[in-house]
Amino acid sequence: MADAFSNEFVVILKGMLFLNLDKVVFLDDDIVIQRDLSPLWGIDLGGKVNGAVETCEGDDTWVMSKRFRTYFNFSHPLISNNLDPDERAWA
């Protein structure tokens, strides 16, 4: 619920505080930037207010190589009964 609230808050702030901007690039507070993000600014959103990445899709082999088994302890029954260790984690 906090994420939905914070995302709506960013949209409201853009309209109130950043009147001269066409878009705002919003990143979660737990993101570690490893590459140049300037290409994000050039994405045409087709008049939409916001955009998002598609999880587990893309050509970046490093990102696409991440699987749940890398992040979760599959010896725990709750994890092993509900998640597939070979499922792509997140992009």
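The rules we used
Residues numbered from 1 in each chain as written. Predicted model: local features only at pLDDT ≥ 70, side-chain atom pairs only at ≥ 80, totals over all residues. Heavy atoms only, no water. Patch = residues over 30% accessible without salt bridge, like charges linked within 9 Å, V, L, I, M, F, W, Y side chains within 5 Å. Areas by Shrake-Rupley, 256 points an atom, 1.4 Å probe, with all protein chains shown as cover. Salt bridge = Lys/Arg side-chain N within 4 Å of Asp/Glu carboxyl O. Helix = DSSP H or I, 4+ residues; strand = E, 2+ residues; numbered from the N terminus. Phe/Tyr/Trp six-rings, centres within 6.5 Å; stacked < 30°, edge-to-face > 60°. Buried < 20%, exposed > 50% of the residue type's maximum accessible area, 1.4 Å probe, protein only. Polar contact = N/O pair within 3.5 Å; in protein donor to acceptor, adjacent residues only side chain to side chain.

Asks: Let's hear about a nonpolar patch on the surface: which residues, and what values?
Replies: Residues Val25, Leu27, Ile31, Ile33, Leu37, Leu40, Trp41 and Ile43 make up a contiguous nonpolar surface patch of roughly 640 Å² in combined accessible area. Summarising the element assignment, Leu37 is placed in the loop between α1 (2–17) and α2 (38–41).

Asks: With reference to specific residues and values, describe the packing of aromatic side chains.
Replies: Taken as a whole and judged by the stated rule, the model has one aromatic pair. Here the aromatic rings of Phe68 and Phe72 are separated by 5.4 Å at their centres, their planes lie at 80°, and the arrangement is edge-to-face. A relative accessible area of 14% means that Phe68 is categorised as buried. Owing to a relative accessible area of 30%, Phe72 belongs among the partly exposed residues under this scheme.

Asks: Can you tell me about the environment of His76, naming the residues and giving the values?
Replies: Within the secondary structure, His76 sits in the loop between α4 (68–71) and α5 (77–82). Look at His76 and you get partly exposed, because its relative accessible area is 41%. Looking at His76, its side chain comes within polar contact range of the main-chain nitrogen of Leu78, at 3.0 Å.

Asks: Talk me through the environment of Lys23; I want residue IDs and the actual numbers.
Replies: Within the secondary structure layout, Lys23 lies in the loop between α1 and α2. Under the relative-accessibility criterion, Lys23 is labelled buried at 15%. As for Lys23 and Leu45, which are separated by 22 residues in sequence, their C-alpha atoms are 9.0 Å apart.

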